[in-house]
Amino acid sequence: MTDLSSAAPLPGIESHPGSGHYGIYDHGAQVWAWQPDSQQPVLWLSSATQLADGKAIRGGIPICFPWFGPGLSGEMTPAHGFVRTTPWRREKLDETDDSLTVTYLIDPSITGRQPLFPSPYEARLTARFSAKRLEVSLRVDNRDCEPFTVEEALHTYLAVSDVTVVTINGLHGAAYLDKVAGDQGFDNEQSGSLVLTGPTDRVYKSAGHVTVDDPGYERRLIVSSSGASNVVVWNPWSSGAATIADIGAGEWQRFVCVEAANAYADAVTLLPGEHWTISQCIEIASLDD
């Protein structure tokens, strides 16, 4: 294991079990690498991302909190909240021969008072890396004397051989909001498998597990969640990627985002003293399983 506390470009923790690679930055408590021994990388990280204070990292698993996109009002900034561009406090670290667990904390004592979200809260991010799975959990506690409502997402960038040939299963029958089409409601229903053929930005009402079949890498990624009411699927395609400075040339083909989320009408309201945990687990299987 390597502690990157004094290393450039950003502090964090990195481990290389065998030929594998696990990595998480303190910045945003953001997992950026999970590659089990003898496997292709499972998470995608843009070659053009800016690894710098105050900048969002393009790739890995950014944490969206306490709002999703521009928030329920449509006016919240920065997009997806303020915690993904802030260094979290590392609380706990455990390592074995092939596993790594890291826990982070963020609260107003770290971020300072946020005018758009002034409520006292605590959020803990726990990342558990092993050769078999990656599990990421976000627990939010209401430390206020009043209720508050939050949106949240684990904005996972899955590495794929070619997004135009992968097949996403597990969403059949789910209602979804099509943000590319400018929909205002969950008026669509998924029929069968999802194959991306253009810019895609959909929020599904689904809590079931999803599989991503990738014939190029000859593997199936199994993505399951708990504490989440939504699955978000996103890829900007060539047209959208051309307008995003921190996606490298042609790299839009190398990822698809499959995110556990609680957004829109499925935002979570916590009473004083209550807490909520959203988790996502990624495993690798063969296409024959």
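Above this note sits the structure.
Overview of the structure. (Residues numbered from 1 in each chain as written. Predicted model: local features only at pLDDT ≥ 70, side-chain atom pairs only at ≥ 80, totals over all residues. Heavy atoms only, no water.)

To continue, consider the overall build of the protein. Along its length, the protein carries two helices and 22 strands. Relative to its length of 289 residues, the protein is compact, with a C-alpha radius of gyration of 18 Å against a globular reference of 19 Å. For the protein, with 289 residues in total, the buried portion stands at 53%. Excluding contacts between residues fewer than 6 apart, the proportion of contacts in the protein whose partners are at least 24 apart in sequence is 65%. For the protein, the accessible area works out to roughly 12000 Å², and carbon and sulfur atoms hold 47% of it. A distance of 3 Å separates the average location of the 19 positive side-chain charges in the protein from that of its 36 negative side-chain charges. (Helix = DSSP H or I, 4+ residues; strand = E, 2+ residues; numbered from the N terminus. Rg over C-alpha atoms; globule rule 2.2 N^0.38 Å. Buried < 20%, exposed > 50% of the residue type's maximum accessible area, 1.4 Å probe, protein only. Contact = heavy atoms within 4.5 Å. Areas by Shrake-Rupley, 256 points an atom, 1.4 Å probe, with all protein chains shown as cover. Lys, Arg positive; Asp, Glu negative; His and termini not counted. Charge placed at Lys NZ, Arg CZ, Asp CG, Glu CD.)

Both strand 6 (residues 89-95) and strand 7 (residues 100-106) contribute to a ladder of six bridges, which runs antiparallel. Paired with Glu-95 across the two strands is Leu-100, which belongs to strand 7. Connecting strand 6 to the next strand, strand 7, in antiparallel fashion are four residues. (Pairing = 2+ DSSP bridges.)

The next subject is the nonpolar core. Among the nonpolar cores identified, the biggest contains 69 residues, and Trp-88, Leu-125 and Val-256 are the most heavily contacted of them. Once you skip the residues sitting within four places of it in the chain, Leu-125 turns out to touch Ile-24, Ala-29, Ile-63, Trp-88, Val-102, Thr-103, Tyr-104, Val-136, Ser-137 and Leu-138. With eight residues, the next largest nonpolar core counts Cys-64, Ala-153, Leu-177 and Ala-263 among its residues. (Core = buried A, V, L, I, M, F, W, Y, C linked by side-chain atoms within 4.5 Å.)

This part is about the pairing of strand 8 (residues 121-129). Counting buried residues along strand 8, seven of its nine residues qualify, which places the element largely inside the surrounding structure. Pairing of strand 7 with strand 8 involves seven bridges; the strand directions are antiparallel. Bridge pairing in strand 8 places Leu-100 opposite Phe-129. Of the pairings in the sheet, the one linking strand 8 to strand 9 (residues 133-142) comprises nine bridges and is antiparallel in character.

Taken in spatial order, the eight strands make up an open sheet running 6-7-8-9-22-18-17-13, and their pairing is antiparallel. Of all the strands in the sheet, just strand 6 and strand 13 (167-169) have a single pairing partner and so form its edges. The mean angle between the axes of side-by-side strands here comes to 15°, regardless of whether they run parallel or antiparallel. (Axes fitted to C-alpha atoms, helices over the stretch in contact; angles between N-to-C directions.)

Turning to the environment of Val-42, a few remarks are in order. You can see Val-42 is positioned in the loop between strand 4 (30-35) and strand 5 (63-64). With a relative accessible area of 0%, Val-42 lands in the buried category. Apart from residues no more than four positions distant in its own chain, Val-42 is found in contact with Trp-34, Pro-36, Tyr-157, Leu-158, Ala-159, Arg-219, Leu-221, Ile-282 and Ile-284.

Bringing the side chain of Thr-86 into the picture now. Take Thr-86: it is sitting in the loop between strand 5 and strand 6. Excluding residues that lie within four positions of it along the chain, Thr-86 makes contacts with Asp-26, His-27, Gly-28, Ile-106, Ile-110 and Thr-111.

By volume, the largest pocket amounts to about 390 Å³. Residue composition of the lining of the largest pocket, grouped by class: 10 nonpolar, eight polar and seven charged. (1 Å grid on protein atoms, 1.4 Å probe; cavity = no way out; pocket = protein on both sides within 12 Å on 5 of 7 lines; lining within 4 Å. Points joined across faces, edges and corners; volume = space filled by probe spheres on them. Nonpolar A, V, L, I, M, F, W, Y, C, P; charged D, E, K, R; others polar.)

Summed over all chains, the structure comprises one cavity of 30 Å³ or more. Here the largest cavity defines a volume of roughly 50 Å³. Every residue along the wall of the largest cavity is listed here: Gly-208, Val-210, Val-223, Ser-224, Ser-225, Val-231, Val-258, Glu-259, Ala-260 and Gln-280. Residue composition of the lining of the largest cavity, by class: five nonpolar, four polar and one charged.

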